[in-house]
2 protein chains.
Amino acid sequence: MARELHLNLFINGRGHHETAWRHPASTTKALSDLSYYRDLALAAEAAKLDSIFFADQLALGDELAHAARGELEPVTLLGALAALTSQIGLIATASTTYNEPYNLARQFASLDHLSGGRIGWNIVTSWAPGAAVNFGQEAQVGIDQRYARAHDFVEAVSKLWDSWARDAIVDDRDSGTYARPDRVRRAAHRGSHFSVAGALNIPRSPQGRPVFVQAGASKDGRAFAARYAEAIFTAHLTKDSAIEFYADIKTQARALGRGPDQIVILPGLSAAIGSTEAEAKRVWEELNELSHPSVGLARLSSRFGGHDFSHLKLDDVLSVEDFPDPSQVQASRSRAQSITALVARERPTLRGLLHSLAGARGHFTATGTPEQIADIIEDWFVSGAADGFNVMPPILPTQFDIFASEVVPLLRRRGLFRSEYGDGTLRDRLGLDPVQSQFDPAEPVKRSA
Amino acid sequence: MARELHLNLFINGRGHHETAWRHPASTTKALSDLSYYRDLALAAEAAKLDSIFFADQLALGDELAHAARGELEPVTLLGALAALTSQIGLIATASTTYNEPYNLARQFASLDHLSGGRIGWNIVTSWAPGAAVNFGQEAQVGIDQRYARAHDFVEAVSKLWDSWARDAIVDDRDSGTYARPDRVRRAAHRGSHFSVAGALNIPRSPQGRPVFVQAGASKDGRAFAARYAEAIFTAHLTKDSAIEFYADIKTQARALGRGPDQIVILPGLSAAIGSTEAEAKRVWEELNELSHPSVGLARLSSRFGGHDFSHLKLDDVLSVEDFPDPSQVQASRSRAQSITALVARERPTLRGLLHSLAGARGHFTATGTPEQIADIIEDWFVSGAADGFNVMPPILPTQFDIFASEVVPLLRRRGLFRSEYGDGTLRDRLGLDPVQSQFDPAEPVKRSA
Ligand SMILES: Cc1cc2nc3c(=O)[nH]c(=O)nc-3n(C[C@H](O)[C@H](O)[C@H](O)COP(=O)(O)O)c2cc1C
Ligand SMILES: Cc1cc2nc3c(=O)[nH]c(=O)nc-3n(C[C@H](O)[C@H](O)[C@H](O)COP(=O)(O)O)c2cc1C
């Protein structure tokens, strides 16, 4: 079977550019208005995208004065969108650092039931340093410890999701047998961070468990992704960086005995699309003109764990000496690394750096006609940089509407993208093997190896 | 204004009788099927009920073989139902013992936005002893400690919900001002159990916060309810017990400076309704005939914290000596107390006791024609036993359909119950004062005192 391109719509504020909220082409609805998300989800479903996705932080960001903050909580929002859509995959972010496995396992199992098997979990360790003090901690624990906890967390919830056999519920009114107790087992998890007796109090969900999505890109993050992730969101400023990442992940996965097609890699793509290149360029210019440097500076600072950049001037030409050593950063190490690499490569002014990060916070940005954007997508897809894309329109909903009505049909014409949804769950759509059950008879051959 | 009767539909399995799942009149849908809950919610909305409600336990109950277990998780389910309904209140249970305030505050604020101000939170300390081992604890902590944590928890989330002023978001595209940072304050909570810096990362919700619902009935539970609850679910086997409870709560509330109309007391009512009394009686008989004694015994045992009753025979006449001292019970003290009171009063056989508890797990059961049920409701309402009822149909959906189509119109004809929804939030419908905001100017007079 030909490789299939996968497209996820990442819904963020009124668009991924930090000034989108005040651009005339963005929605006028409040970020707390369900109808805004419903319409976007239905538009993505009409375009036959694989899924939509919501990020999540466990603290209020800075720069409230000039940046749109305070979105809905993803798990509850996905509950609502599960009811309002019927086909599209729904991916919510939830943290392994600030949750309990039993609670998270239940909520995602419940969402998977509510949606008929369309749920994905973006597993994050919560990079934002400000979250810790909302959970009784003095300060954020380091990356290593966060990932150690994440490993144990994923093991615990996996056992909970596997605690009911598919055929555990009999529901036989005549004999009075509701379920078969021998087909429900305790999780009996005893790990370094969590002890969870189980069983889960919710039956096995349509997908067995949510699709595991991951977005960490540091060394620890990649190792974690190679082991658990079935889809990866990743941020690259260049195609070369995406190719390096893609090869590294697939190699690591293979070394762990996983089929490389069992991890779908989706780099972020923030495209400004216009009927001419000039029109597309104007989109970025308009957005950049609306920006407040303080917003970008605050974000830059938070990526580097709170480092103070306030002595720099907007027209200063930057060098790597202006930044702390990214390998020591505990907040968002991979992002810090790609920013310093950009500085070393391009020697931008501070204003230039903030503009390029404002676009999509370190993700690849593109500018062009629908043809040109389709060309980039095809190029990355065929040259080992991507299995698909995390679509991050700079302005919502208008730039997504153009993507859906003009880029997607081109991808179809080129035989890269589906015209209709097939049957099945989100897992099936992503080409992932079914989740094994401890109650299944041992399989003679693994389906993908 | 005349006092208004309030009605909440408590949705539990295929009905509140433990054998409802196998009775021919109950739904054939799976307990994980959203359409089942959607249809019930819409039926309750069509009947203009105040709200629907879901209970929650953080452990799988025993007796899976003969009892219907494994329902959806209430918070995610409410997300879906918020999208599928437009008027009815939606109340979910969530635990103060096994959650973090920041996570719970976000999810309920988000639900309140999603539903346009229709959310209630049933605040529980989680009586089920089996939950502890799912959260890394050796054993359940005692009632006192659970309530101490609950106090601190409610204080913490209340500050989080109050961290944004109503007018914090300006959303002024021209000036580039999204929000007014001086109208968003840290929660800065430092309590005995929780430290939460805040602010919440979600704007103030339509109701300010969810309506506080409570269902504890022990001494600690009543004190907690008198202080925080705005609606109370409560279980009584007799009208006298309900009257005692009602008077006690309203007196305690008044002593705390709260208006007695600011706590809506809703005893559970599990009514089997038939066109004749004989037909109604037959409903209970049919349900009881379907019962497995082991299910009732397991529940009885869990109410008493795991006490072993297995030496008793079904035809043994019981006395209080057969039970442990209920004032020492750490699991569900109030329920243990009302069960021993019943035993002292009626001296039932074990079979008789199990049957009467199977009906509605210690709530009031009634049997009769629509007229007779309406009479009971009116009687309790006018004699200081109830402000309304927690409607617990023994079989769902059919016994609720009869309640909605036959009892509700009688209550309307008697001028007790609304014919249409008014405007406003769930709080408004329950006759509750608006939630104060720390950003409001100090009010000269309290609206209810
Ligand atoms: C598209 C994308 C979305 C992300 N969403 C979140 C998120 O919602 N919450 C979060 O804490 N981190 C998010 N991250 C960050 C990563 O999950 C990761 O925590 C961060 O990059 C730090 O880990 P690392 O140093 O291993 O990369 C996202 C990353 C990407 C590329
Ligand atoms: C109608 C009703 C519903 C309840 N729902 C729950 C529930 O969902 N979860 C729970 O742990 N306890 C529930 N309870 C129990 C109480 O919240 C309380 O925890 C229990 O009665 C023990 O506390 P107490 O001894 O103070 O009453 C419910 C009680 C009633 C009357």
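Being a predicted model, the structure only gives us computed values, none of them experimental.

1. Description of the packing of helix α11 (residues 370-382) of chain B against helix α12 (residues 398-413) of chain B
A packed helix pair is summarised by two numbers, namely the angle formed by the two axes and the spacing between the axes.
Residues and elements named next belong to chain B.
Then step 1. For the pair α11 and α12, the least separation of the axes is 9 Å and the interaxial angle reads 50°. By the angle between their axes, α11 is oblique relative to α12. α11 and α12 meet at a crossing whose hand is right-handed. Where α11 abuts α12, its residues P370, E371, I373, A374 and I377 lie against F403, E406, V407, L410 and L411.
Then step 2. Counted by class, the contact of α11 with α12 contains eight nonpolar, no polar and two charged residues.

2. Some details on the relation of the copies chain A and chain B
Turning one copy of the chain about an axis and sliding it along that axis gives the other copy, so a rotation and a shift relate them.
Then step 1. Note on the copies: chain A fits chain B at an RMSD of 0.0 Å, the axial shift is 0.0 Å, and the rotation between them is 180°. The two molecules are tied by a two-fold rotation axis, judged by turn and shift.
Then step 2. Taken together, the interface assignments show that 100% of the residues at the interface of chain A recur at the interface of chain B, consistent with an identical surface on both copies.

3. Overview of the confidence of the model for chain A
Any segment with low pLDDT has predicted coordinates that should not be analysed in fine detail.
Then step 1. Confidence in the prediction for chain A averages 94 pLDDT; 98% of positions are at 70 or higher.
Then step 2. Here the predicted complex scores 0.93 on pTM and 0.93 on ipTM.

4. Details of helix α1 (residues 34-46) of chain A
Then step 1. Spanning 13 residues, α1 of chain A covers 18 Å between terminal C-alpha atoms, matching the ideal 18 Å at 1.5 Å per step.
Then step 2. Of all the positions in α1 of chain A, only L34, S35, Y36, Y37, L40, A41, A44 and E45 of chain A are classed as buried.
Then step 3. Summarising the contacts, the buried residues of α1 of chain A are in contact with β1 (6-10), β2 (51-54), α2 (74-84) and α12 (398-413) of chain A together with α2 (74-84) and α3 (101-114) of chain B.
Then step 4. Capping the start of α1 of chain A, D33 of chain A holds a side-chain oxygen 2.8 Å from the backbone nitrogen of S35 of chain A, two or three residues further along.
Then step 5. One or two steps after α1 of chain A, the chain reaches K48 of chain A, where phi turns positive at roughly 65°.

5. Points about the interface of chain A and chain B
Then step 1. With 71 residues of chain A at the interface, the matching set in chain B holds 71 residues.
Then step 2. Counting each side, the surface lost to burial between chain A and chain B is near 5,600 Å², with a carbon and sulfur contribution of 55%.
Then step 3. Joining chain A to chain B, the criterion identifies four salt bridges.
Then step 4. Between D171 of chain A and R14 of chain B there is a salt bridge whose closest N-O contact spans 2.7 Å.

6. A look at the UniProt feature "domain: Luciferase-like" (unreviewed entry) in chain A
Then step 1. UniProt tags residues 21-384 of chain A as "domain: Luciferase-like" (unreviewed entry).
Then step 2. Taken end to end, residues 21-384 of chain A comprises 40% helix and 14% strand; its first and last C-alpha atoms sit 34 Å apart.

7. Details of the site of ligand 2
All names here are of chain B.
Then step 1. Taken together, the neighbourhood of ligand 2 is formed by 26 residues, with D56, Y147, A217, S218 and S334 sitting nearest.
Then step 2. Contact distances for ligand 2 include 2.9 Å between an oxygen atom and a side-chain N or O atom of Y147.
Then step 3. Protein chains shield 98% of the accessible area of ligand 2, which is 600 Å² for the free molecule.
Then step 4. Counting only elements with at least two residues in the shell around ligand 2, the list comes to β4 (119-124), α4 (143-161), β10 (231-234) and α9 (333-346).

8. Considerations on α4 of chain B
Then step 1. Helix length check: α4 of chain B, at 19 residues, gives a terminal C-alpha distance of 26 Å against a target of 27 Å (1.5 Å per residue), a fit within 8%.
Then step 2. Taken residue by residue, α4 of chain B has I143, R146, Y147, A150, D152, F153, V154, A156, V157, L160 and W161 of chain B as its buried positions.

9. Examining the UniProt feature "binding site: FMN" (unreviewed entry) in chain A
Then step 1. Look at the UniProt record and you will see "binding site: FMN" (unreviewed entry) annotated at D56, T93, Y147 and S218 of chain A.
Then step 2. Residue position: D56 of chain A is located in the loop between β2 and α2.
Then step 3. For D56 of chain A, a relative accessible area of 15% corresponds to the buried category.
Then step 4. Leaving out residues up to four positions away in the same chain, D56 of chain A has contacts with P74 and T93 of chain A together with R106 of chain B.
Then step 5. Here the side chain of D56 of chain A touches R106 of chain B through a polar contact of 2.7 Å, side chain to side chain.
Then step 6. Not counting residues up to four positions away in its chain, the partners in contact with T93 of chain A are F53, F54, A55, D56, P74, N122 and V124 of chain A.

Basis of the calculations
Here, residues in each chain are numbered from 1, in the same order as that chain's written sequence. Think of it this way: whatever chain is written first is A, whatever ligand is written first is 1, and the rest follow in order. For a predicted model such as this one, the threshold for reporting local features is a pLDDT of at least 70, and the threshold for listing and counting side-chain atom pairs is 80 or more; totals across whole chains, interfaces and linings nevertheless cover every residue. Only hydrogens and water are set aside when side-chain values are computed; all heavy atoms of the structure are taken into account. For every element, the axis is a line fit to its C-alpha atoms; helices are fit only across the contacting stretch, and the angle between N-to-C directions ranges from 0 to 180 degrees. For helices the rule is a DSSP run of H or I covering at least 4 residues; for strands it is a run of E covering at least 2, with both sets numbered from the N terminus onward. Angles below 35 degrees are treated as roughly parallel, those above 145 as roughly antiparallel, those between 65 and 115 as roughly perpendicular, and all remaining angles as oblique. Left-handed describes a crossing whose near helix is turned anticlockwise from the far helix by less than a right angle; the clockwise case is right-handed. The contact rule is simple, with two residues in contact once any of their heavy atoms fall within 4.5 Å. For this scheme, ten residues count as nonpolar: Ala, Val, Leu, Ile, Met, Phe, Trp, Tyr, Cys and Pro. Four count as charged, namely Asp, Glu, Lys and Arg, and the remainder, Gly too, count as polar. A least-squares superposition brings the copies together, and it is based on the C-alpha atoms of residues with pLDDT no lower than 70 in both. Per-residue confidence from the prediction method is given by pLDDT, with values spanning 0 to 100. By this rule the span expected of a helix is its residue count minus one, scaled by 1.5 Å. The rule is simple: take the accessible area with a 1.4 Å probe, protein chains only, and divide by the maximum for that residue type; under 20% is buried, over 50% is exposed, in between is partly exposed. For the purposes of these results, a polar contact is taken to be a pair of N or O atoms within 3.5 Å, where, inside protein, one atom must be able to donate a hydrogen and its partner to accept one; residues adjacent in sequence count only when each atom of the pair is a side-chain atom. When two parts are put together, the accessible area they lose, computed with a 1.4 Å probe and summed over both, is reported as buried area. The working definition used for a salt bridge is a side-chain nitrogen of Lys or Arg within 4 Å of a carboxyl oxygen of Asp or Glu. UniProt positions are given in the numbering used here, feature names are shortened, and annotations may be inferred rather than shown by experiment. Nearness of a residue to a molecule or strand requires only that one of the residue's heavy atoms be within 4 Å of it. Here the Shrake-Rupley method, with its probe set to 1.4 Å, supplies the accessible areas, and only the displayed protein chains count as covering residues.

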